[in-house]
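Given next are the chains, with one letter for each unit.
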Amino acid sequence: MSEPSNESKGTSLEIVHPNAAGIDIGNAAHYVAVPPDRDPQAVRRFECFTEDLKKMADWLIQCGIDTVAMQSTGVYWLPAYEILTERGLRVFLVNAAHTKNLPGRKSDVQECQWLMKLHTYGLLSNSFRPTEEICVLRTYWRQRDAQVKAASMTIQRMQKVLTEMNVQIANVISDISGVTGMAILDAILQGERDRYKLAELAHPRIQASQEEIAKSLEGNWRSELVFVLRQERDIYREYQKKIGECDEAIQAHLKTMEDKAEPGSKPGTPKAGKRAGGNAPRFDLRGELYRISGIDLTRIDGINIMVAQTILAEVGLDMSKWPTEAHFASWLGLCPNHQITGGKVYHRGSRHVENRAATAFRMAATSLWRSKTYLGAKFKRLRAQLGAPKAITAMAHNLARLVYRMLRYGKEYVDKGMEFYQQRYQQQQIKWIEKKARDLGLVITLAPAGTVN
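This one's a predicted model, so the numbers in the text were calculated from it and none came from an experiment.

K.L.:
Would you mind going over the overall build of the protein chain in detail, with residue names and values included?
P.N.:
Across its full length, the protein chain holds 16 helices and seven strands. Its C-alpha atoms give the protein chain a radius of gyration of 29 Å, clearly above 22 Å, the size a compact globule of 453 residues would have. In the protein chain, which comprises 453 residues, the proportion classed as buried is 40%. Here the analysis covers contacts within the protein chain between residues at least 6 apart in sequence; of these, 65% occur between residues at least 24 apart. Working note: accessible area of the protein chain is about 26,700 Å², and carbon and sulfur atoms make up 51% of it. If you average the places of the 63 positive and of the 50 negative side-chain charges in the protein chain, the two averages end up 7 Å apart.

K.L.:
Please set out the side chain of Ser177 residue by residue, giving values where relevant.
P.N.:
Looking at where Ser177 falls in the secondary structure, it is placed in the loop between α5 (132-164) and α6 (179-189). At 2.6 Å, the side chain of Ser177 and the side chain of Asp175 are in polar contact. For Ser177, the residues in contact, after removing those within four places along its chain, are Ile155, Met182 and Tyr236.

K.L.:
Let's hear about the nonpolar core: which residues, and what values?
P.N.:
Grouped together as the largest cluster of nonpolar side chains are 54 residues, with contacts concentrated most on Leu254, Ile300, Ile303, Phe328, Phe361 and Leu375. Put simply, the parts of the chain that give this core at least two residues each are α5, α9 (223-255), α10 (285-293), α11 (305-315), α12 (325-332), α13 (356-366), α14 (374-386) and α15 (388-409). If you tally residues by element for this core, the top one is α15, at eleven residues. Not counting chain neighbours up to four residues away, the residues in contact with Phe328 comprise Val315, Met319, Trp322, Phe361, Ala400 and Tyr404. Within the second largest apolar cluster, 30 residues are counted, among which are Ile155, Val167, Met182 and Val226.

K.L.:
Which residues make up the sheet that holds strand β3 (residues 43-47), and what values do they have?
P.N.:
Strand order in this open sheet of five strands is β3-β2-β1-β4-β5, and the pairing throughout is mixed. Each edge of the sheet is formed by a strand with only one pairing partner; in this case those strands are β3 and β5 (90-94). The mean inter-strand angle of the sheet, taken between neighbouring strand axes irrespective of direction, is 25°. Pairing between strand β1 (residues 20-24) and strand β4 (residues 67-71): four bridges, direction parallel. Residue pairing for β4: Gly22 is matched across the bridge by Ala69.

K.L.:
Residues and numbers for helix α16 (residues 418-439), please.
P.N.:
A rise of 1.5 Å per residue sets the reference length of α16, with its 22 residues, at 32 Å; its end C-alpha atoms lie 32 Å apart and thus fit the reference within 8%. Looking one or two residues beyond α16, the residue adopting positive phi is Gly441, at roughly 75°.

K.L.:
Quick rundown of unusual backbone geometry? Include the residues and the values.
P.N.:
Residue Asn166 is not a glycine yet carries a positive backbone phi of 60°. Relative to the helices and strands, Asn166 is located in the loop between α5 and α6. Residue Asn166 is classed as partly exposed on the basis of its relative accessible area, which comes to 44%.

K.L.:
So what's going on with a nonpolar patch on the surface? Which residues, and what values?
P.N.:
Nonpolar side chains collect at one region of the surface, where Trp432, Ile433, Ile444 and Leu446 lie side by side and expose about 410 Å² of accessible area between them. By secondary structure assignment, the location of Ile444 is in the segment after α16. Residue classification places Ile444 among the partly exposed residues on the basis of a relative accessible area of 36%.

K.L.:
Any details on the pattern of salt bridges? Residues and values, ideally.
P.N.:
Overall, the coordinates contain 25 salt bridges when judged by the stated rule. Put simply, Arg44 and Asp39 hold a salt bridge, and the shortest N to O gap is 3.4 Å. For Arg44, a relative accessible area of 26% puts it in the partly exposed group. Residue classification places Asp39 among the buried residues on the basis of a relative accessible area of 12%.

K.L.:
An account of the packing of α5 against α9 is requested, with residue identities and associated values reported.
P.N.:
Interhelical geometry of α5 versus α9 gives an angle of 160° and a closest axis separation of 9 Å. Judged by the angle between their axes, α5 and α9 are roughly antiparallel. In this structure, the crossing between α5 and α9 has a hand that is left-handed. When the residues that make up the contact of α5 with α9 are grouped by side-chain class, the tally is 22 nonpolar, five polar and eight charged.

K.L.:
Kindly report on empty space enclosed by the protein, identifying the contributing residues and their values.
P.N.:
Applying the stated criterion to the full structure yields two cavities of 30 Å³ or more. A volume near 60 Å³ is recorded for the largest cavity. What lines the largest cavity is simply Arg286, Leu289, Tyr290, Ser293, Ile295, Asp296, Leu297, Thr298, Ile305, Ala308 and Leu312. Those elements that place two or more of their residues in the lining of the largest cavity are α10 and α11.

K.L.:
Could you give me a rundown of the layout of surface pockets, with the residues and numbers involved?
P.N.:
As a volume, the largest pocket reaches approximately 1,300 Å³. Around the largest pocket, the lining comprises 31 residues; the ones closest to its centre are Ser72, Ser127, Phe128, Trp331 and Glu354. Among the residues forming the lining of the largest pocket, the class breakdown is eleven nonpolar, eleven polar and nine charged.

K.L.:
Got a sec to walk through the packing of aromatic side chains? Specific residues and values, please.
P.N.:
Here the structure, examined in full by the defined rule, presents eleven aromatic pairs. Ring plane angle 50° and centroid distance 5.1 Å describe the contact between Trp322 and Trp331, whose orientation is recorded as tilted. Residue classification places Trp322 among the buried residues on the basis of a relative accessible area of 5%. For Trp331, a relative accessible area of 25% translates into the label partly exposed. Their ring planes at 85° and their centres at 6.5 Å tell us that Phe328 and Phe361 sit as a pair that is edge-to-face.

Thresholds applied
- The residue count restarts for each chain, going from 1 along the sequence in the order it is written.
- The predicted origin of the model limits local features to residues at a pLDDT of at least 70 and limits the giving and counting of side-chain atom pairs to 80 or more, whereas totals for whole chains, interfaces and linings rest on all residues.
- Only hydrogens and water are removed before side-chain values are computed, so all heavy atoms of the structure are retained for them.
- Each helix corresponds to a stretch of at least 4 residues labelled H or I by DSSP, and each strand to a stretch of at least 2 residues labelled E; elements are numbered beginning at the N terminus.
- Two things to know: the radius of gyration comes from C-alpha atoms, and the globule rule equals 2.2 Å times the number of residues to the power 0.38.
- Burial classification: accessible surface area is computed with a 1.4 Å probe over protein chains only, and a residue below 20% of its type maximum counts as buried, one above 50% as exposed, and the rest as partly exposed.
- The contact criterion used is simple: two residues touch if any of their non-hydrogen atoms lie within 4.5 Å.
- Accessibility throughout is a Shrake-Rupley quantity obtained with a 1.4 Å probe, and a residue counts as covered only by protein chains that appear here.
- Residues scored as charged are limited to Lys and Arg (positive) and Asp and Glu (negative), so that His and the chain ends carry no count.
- Lys charges are placed at NZ, Arg charges at CZ, Asp charges at CG and Glu charges at CD.
- Pairs of N or O atoms are called polar contacts if they sit within 3.5 Å, as long as, within protein, a hydrogen donor faces a hydrogen acceptor (for residues adjacent in sequence, only side-chain-to-side-chain pairs).
- Residues enter a nonpolar core if they are buried and are Ala, Val, Leu, Ile, Met, Phe, Trp, Tyr or Cys, with the set joined through side-chain atoms within 4.5 Å.
- A pair of strands is considered paired only if DSSP assigns at least 2 bridges between the two.
- Helix axes are fitted to C-alpha atoms over the stretch in contact, other axes to C-alpha atoms as well, and angles between N-to-C directions run from 0 to 180 degrees.
- Under the convention used throughout, the expected extent of a helix is 1.5 Å for every residue step, that is, one less than its residue count.
- Candidates for patches are residues over 30% relative accessible area with no salt bridge; among them, like charges are joined within 9 Å and nonpolar side chains (Val, Leu, Ile, Met, Phe, Trp, Tyr) within 5 Å.
- Every case where a carboxyl oxygen of Asp or Glu lies within 4 Å of a side-chain nitrogen of Lys or Arg is listed as a salt bridge.
- Angles below 35 degrees are treated as roughly parallel, those above 145 as roughly antiparallel, those between 65 and 115 as roughly perpendicular, and all remaining angles as oblique.
- Throughout, a crossing is termed right-handed when the near helix is turned clockwise from the far one, and left-handed when it is turned anticlockwise from it by less than a right angle.
- Residues were grouped as follows: Ala, Val, Leu, Ile, Met, Phe, Trp, Tyr, Cys and Pro as nonpolar; Asp, Glu, Lys and Arg as charged; and all remaining residues, including Gly, as polar.
- Grid points spaced at 1 Å and placed over the protein atoms alone form the basis of the search, with a cavity being a set where a 1.4 Å probe fits but cannot get out and a pocket an open set showing protein on both sides within 12 Å along at least five of seven lines. Lining residues have an atom within 4 Å of a point.
- Grid points are joined across faces, edges and corners, and a volume is the space filled by probe spheres set on the points.
- Think of it this way: a Phe, Tyr or Trp ring, Trp meaning its six-membered ring, pairs with another when their centres are within 6.5 Å, and the plane angle makes it stacked under 30 degrees, edge-to-face over 60, tilted otherwise.

And the structure:
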């Protein structure tokens, strides 16, 4: 038999993980495949009970497996992932979108065998998963976010009920969940119907006059609508309690995390006009984030404390998981993803990614519209040239790179100012015009406006 040519050797796949296994994750049972030479029954089915998952880990170790590939299917993979990692196995969490289009697999058995084969040859990339302490923080923060959203829905339902009663308080008070709004609602639910007495409950800082507030508080007071209003008020207050409990859990967990800031150092004075919002935690979250990260992300224009907390809860503090800032921006789905066929671009746009950190960066970019800073000036120019959606994505990309540099290298962000950006942009435009003139065989002379007749 003749020896294979060098060309055929170069095209053969190399085994990267010889002791690999594949798991097809399900909601009731998992199918696990190991190499055929490890066990006469190379594919086994394990139910999702904890006892069965421990048996699965024992079997994999008995077969000499040291790495496992599984798809991130819903939340069903979490118990198996935790048990396998506790037993010392290296688990690759694979995005199902990377393997779903490959043909030829019609059953769970074939699926787990295919995952094992791909993983053996190193054809699967591991998904990002933060450290355990960041996972705990992320769970608390996501739960808090869910409670805040649920509370905002109760506010909307209260406004709807008030409108049905023709109580137009929302037209004179910007937030009915504030001090004035809740005081008036409590009085209404206690039976007060005199609109002038209700108007007297307004806080002195309310801009509307007592007469305007009283005028808005005359309604039909239907009993069934008052009943609904009472229930929604009670539900809102219950959500506020739960949000407070989340804040306590977040604060307690942050205190367990290691200090990275210099002893005795504190974050600088917050920038003027930077609002954390009415839903911000009631403790010094900015100081805690500075302590565990050693930097103050809120120095970046557009990023307030809520956005900074969301970013850190989703991506963590270790930026070495991404080799460069370009890898980080690509993982967030903020990079261009042009589709090219035959050398021609037939689709332009960014990759669709469900990522809470990317959403936070986009929200931060949107807030730059009124910012009189370097980043604000850049956003205004991009918005004029590209339109709002593309400008928001571009600025979110820019903010992601800045956050990466600060977390990876400990650099501080310094705003160079709107005037610096405008001067720099002007110089770039002048250089571009001079280059175009040279290409056309022309020479231009620059002079201040108004000096040439």
